[in-house]
Amino acid sequence: MLYQLSHCCQCRSAREIKQLQKAKSKAQNNRNLREEASICNQLGELLSKNGSRGERNRGECARTPERSGFWRGVDAVLVLLCVWYLSGATGKMTQARGHKLQTYKQSRTRREARMEEDGGRKTGGPIYKRSPDMTKSPMTKSEQLLRIDDHDFTMRPAFGGPPIPVGVDVQVESLDTISEVDMDFTMTLYLRHYWKDERLSFPSTNNQSMTFDSRLVKKIWVPDMFFVHSKRSFIHDTTTDNVMLRVYPDGNVLYSLRVTVTAMCNMDLSRFPLDTQTCSLEIESYAYTDDDLMLYWKKGNESLNTDDRISLSQFLIQKFHTTTKLAFYSSTGWYNRLYIHFTLRRHIFFFLLQTYFPATLMVMLSWVSFWIDRRAVPARVPLGITTVLTMSTIITGVNASMPRVSYIKAVDIYLWVSFVFVFLSVIEYAAVNYLSTVQERKERKLRERLPCTCGIGNPDEMMIDPQITGYGSMDPNTTGHYGMPENGGRQERMLAQVALNDPQLTGQVKARSYVNIWIDTHAIDKYSRVVFPGAYILFNIIYWSIYS
């Protein structure tokens with residue numbers, strides 16, 4: 001009976017211990033610290049109960065009434081076996097429990113330390129940091145080969161020695177825009193630097209170079225180039241940063257990047273649009289003077305290469321060339337500066353169609369008024385005003401797309417001279433109209449001063465009498481007709497009677513002579529038909545010979 005009781009207790013304790021161990025492993029997988037701790041406590045109590053229960057069983061066996069000798073011997077053997085089994089199992093379980101509790105405490109201590117480190121940075125629920133991957137090295141193989149951590153790359157190569165030579169060459173990809181209003185240009189180019197840094201040398205059996213992207217550029221020394229007088233510039237980053245670094249075994253370095261820069265260009269527009277402009281892109285080191293860095297074109301003029309397909313809508317690219325100069329700053333010293341010069345010649349055909357031809361046509365249109373009758377005021381006045389307003393519109397349109405410079409441009413000279421010609425055609429008609437009015441007034445005054453023709457039968461007969469007029473035979477159709485045209489011309493004849501001998505007019509015709517006075521009031525129109533076109537043609541000859 002005692003054996004069965006011991007066996008039952010032992011089986012029950014073993015099942016409970018297995019269940020608690022399974023719950024503990026599950027709690028460990030779920031990383032629930034509280035549940036794992038409670039399960040461990042229950043497991044320890046159960047093992048302790050098993051040990052006390054074995055002691056009680058030994059006491060009960062001692063108080064069992066005496067039985068027969070055989071059964072007493074059997075019971076004694078069973079009791080000894082039970083005590084021995086329970087004592088061994090309890091000792092092993094207690095030892096296992098102590099080891100597991102100790103392992104749990106150590107792991108819990110490490111986790112709490114990690115949680116405290118993470119808790120200083122973030123708040124909220126418990127965050128478990130992923131254990132570092134020990135298969136990965138903090139430095140790449142290329143960095144280990146170049147010994148990046150063994151040198152201080154914040155200093156230039158050969159610091160304290162002679163200046164480091166840095167060669168430069170440029171590949172011009174495109175010349176995008178030229179703006180006269182902002183006086184700048186935009187250019188896209190490949191900028192390449194060449195220098196030697198012995199700190200980057202590495203052993204190589206085949207003498208092959210290694211090529212890197214922009215990630216390694218941030219860890220080594222590179223020249224600090226910038227564009228002087230630049231307004232905007234950026235390095236292209238589609239699809240990645242357009243930066244290339246190539247390192248050779250002997251330490252020679254090639255650093256290339258693709259840049260778009262908008263720089264200032266001082267333009268002289270005094271000959272616009274018949275001008276030729278020269279713009280420059282200037283490259284210089286920002287921090288290193290000529291004592292630390294010697295900047296030069298790697299192959300002279302051959303260091304500048306251009307794409308043959310580069311073209312502009314308004315300009316013809318004549319040539320590219322390079323120069324090198326020293327720039328002085330009063331506070332820092334002398335610096336090497338590289339220049340990229342390019343010469344542009346403007347296409348004239350666009351401005352001929354948009355400016356010069358319309359202005360010339362307006363001037364020629366103003367000359368039409370010289371062939372219109374001076375009495376046709378509604379025809380001549382609107383024509384003159386229309387041409388003047390059209391020239392004003394052309395001048396305004398041209399100046400709207402130009403910078404407000406303080407000097408006169410070539411196009412301004414042409415447009416304003418054309419405007420003067422149009423304006424003078426209006427003034428010419430005003431002069432013709434005024435002189436005609438003055439002449440008519442004189443005519444009326446002469447008629448009023450003529451003596452009375454009483455006693456004269458027919459004045460026309462007197463006018464054709466050769467004894468009176470002193471002329472042979474005259475056609476009466478050519479005299480005495482005021483305001484009548486002759487042969488389509490704009491001429492008038494006025495017959496005036498002048499007393500030559502007798503100062504007092506007595507009503508008798510004595511020594512009287514009629515003089516035919518020819519007054520041409522349209523001489524201005526006649527001369528204008530020749531003078532205006534001739535003067536304008538002469539102006540064009542002089543203008544195009546100077547500016548073309």
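Residues numbered from 1 in each chain as written. Predicted model: local features only at pLDDT ≥ 70, side-chain atom pairs only at ≥ 80, totals over all residues. Heavy atoms only, no water.

J.: How would you sum up the overall build of the chain? Please name residues and give values.
T.: Within the chain, the regular secondary structure consists of 11 helices and 14 strands. The buried share of the chain, taken over its 548 residues, is 35%. For the chain, the computed accessible surface area is about 34100 Å², with 56% contributed by carbon and sulfur atoms. (Helix = DSSP H or I, 4+ residues; strand = E, 2+ residues; numbered from the N terminus. Buried < 20%, exposed > 50% of the residue type's maximum accessible area, 1.4 Å probe, protein only. Areas by Shrake-Rupley, 256 points an atom, 1.4 Å probe, with all protein chains shown as cover.)

J.: Lay out the UniProt feature "transmembrane region" (unreviewed entry) in the chain in plain terms, naming residues and giving numbers.
T.: UniProt's entry tags residues 348-371, 383-401, 413-435 and 530-547 with the feature "transmembrane region" (unreviewed entry), counted in the numbering of this structure. Annotated as 95% helix and 0% strand, the span residues 383-401 places its first and last C-alpha atoms 28 Å apart. Segment residues 413-435 splits into 100% helix and 0% strand. End C-alpha atoms: 32 Å apart. (UniProt positions renumbered as here; feature names shortened; annotations may be inferred.)

J.: Mind laying out the packing of helix H6 (residues 349-366) against helix H11 (residues 523-547), listing which residues take part and the relevant values?
T.: At a closest axis distance of 12 Å, the pairing of H6 and H11 adopts a crossing angle of 155 degrees. With respect to H11, the element H6 is oriented roughly antiparallel. Regarding H6 and H11, the two cross each other, and that crossing is right-handed. The residues of H11 that touch H6, namely those facing Leu352, Tyr356, Ala359, Thr360 and Val363, are Tyr536, Tyr543 and Trp544. In terms of residue class, the contact of H6 with H11 is made up of seven nonpolar, one polar and no charged. (Axes fitted to C-alpha atoms, helices over the stretch in contact; angles between N-to-C directions. Parallel < 35°, antiparallel > 145°, perpendicular 65-115°, else oblique. Left-handed = near helix turned anticlockwise from the far one by under 90°. Contact = heavy atoms within 4.5 Å. Nonpolar A, V, L, I, M, F, W, Y, C, P; charged D, E, K, R; others polar.)

J.: Quick rundown of the state of the cysteines? Include the residues and the values.
T.: In the structure shown here, the tally under the stated rule is one disulfide. Paired through a disulfide, Cys265 and Cys279 show a sulfur-sulfur distance of 1.9 Å. Its torsion about the S-S bond being -75 degrees, the disulfide of Cys265 and Cys279 is classed as left-handed. Remark: Cys279 occurs in strand E8 (residues 276-285) and Cys265 occurs in the loop between strand E7 (252-264) and E8; sequence separation between them is 14 residues. (Disulfide = S-S within 2.5 Å.)

J.: Which residues make up the pattern of salt bridges, and what are the values?
T.: Counting across every chain of the model gives 16 salt bridges. Glu173 is the salt-bridge partner of Arg258, the closest N and O atoms lying 3.0 Å from each other. Here Arg258, found in strand E7, pairs with Glu173, found in strand E1 (residues 164-179); they are 85 residues apart in sequence, far enough to count as distant. Salt-bridge contacts for Arg447 lead to Glu443; the nearest nitrogen and oxygen are separated by 3.0 Å. Of this pair, Arg447 and Glu443 both sit in helix H8 (residues 410-449), four residues apart, roughly one helical turn. Residue Arg447 is classed as partly exposed on the basis of its relative accessible area, which comes to 38%. Taking the relative accessible area as the measure of exposure, Glu443 reaches 10% and is therefore buried. Connected via shared salt-bridge partners are Glu180, Asp275 and Arg346. (Salt bridge = Lys/Arg side-chain N within 4 Å of Asp/Glu carboxyl O.)

J.: Any details on the nonpolar core? Residues and values, ideally.
T.: Of all hydrophobic cores here, the largest spans 80 residues; its most connected members are Val170, Leu175, Phe185, Leu245 and Leu281. Beyond its immediate stretch of four places on either side in the chain, Leu245 contacts Met210, Thr211, Phe212, Leu216, Val217, Ile220, Val253, Leu254 and Tyr255. (Core = buried A, V, L, I, M, F, W, Y, C linked by side-chain atoms within 4.5 Å.)

J.: How would you sum up the packing of aromatic side chains? Please name residues and give values.
T.: Inspection of the entire model under this criterion finds 26 aromatic pairs. For the ring pair Trp195 and Trp221, a centre distance of 5.8 Å and an interplane angle of 85 degrees mean the geometry is edge-to-face. Here Trp195, found in strand E2 (residues 184-196), pairs with Trp221, found in the loop between helix H5 (214-217) and strand E4 (225-228); they are 26 residues apart in sequence, far enough to count as distant. Residues Trp195 and Trp221 agree in their burial class; the two are buried. Seen from their ring centres, Tyr414 and Phe539 are 5.6 Å apart, and the 35 degrees between their planes marks the pair as tilted. (Phe/Tyr/Trp six-rings, centres within 6.5 Å; stacked < 30°, edge-to-face > 60°.)

J.: Describe the pairing of strand E9 (residues 293-297), and please don't skip the residues or the numbers.
T.: On any regular strand, side chains alternate: one points to one face of the sheet, the next to the other face. Covered by surrounding structure in E9 are Leu293, Leu295 and Trp297 only, the residues Met294 and Tyr296 on the alternate face being uncovered. Bridging between E1 and E9 involves five bridges; their strand directions are parallel. Within the sheet, the bridge partner assigned to Val166 lies in E9 and is Leu295. (Pairing = 2+ DSSP bridges.)

J.: Hey, could you go over the sheet that holds strand E11 (residues 315-329) for me, with residue numbers and the actual values?
T.: Strand order in the open sheet made by the four strands is E4-E8-E12-E11, with antiparallel pairing throughout. Of all strands in the sheet, those bounded by a partner on one side alone are E4 and E11. For this sheet the average axis-to-axis angle between neighbouring strands, irrespective of direction, equals 25 degrees. Pairing of E4 with E8, which is carried by four bridges, proceeds in the antiparallel orientation. In the strand pairing of E8, Met225 is matched with Ser285.

J.: Pulling in residues and values, what's your account of the environment of Phe342?
T.: Structurally, the position occupied by Phe342 is in strand E12 (residues 333-346). The buried category is assigned to Phe342, whose relative accessible area is 0%. Distance in space between the C-alpha atoms of Phe342 and Thr278 is 5.7 Å, their sequence separation being 64 residues. Discounting residues that sit within four places of it in the chain, Phe342 has contacts with Leu175, Phe185, Met187, Gln277, Thr278, Cys279, Ser280, Lys319 and Phe320.

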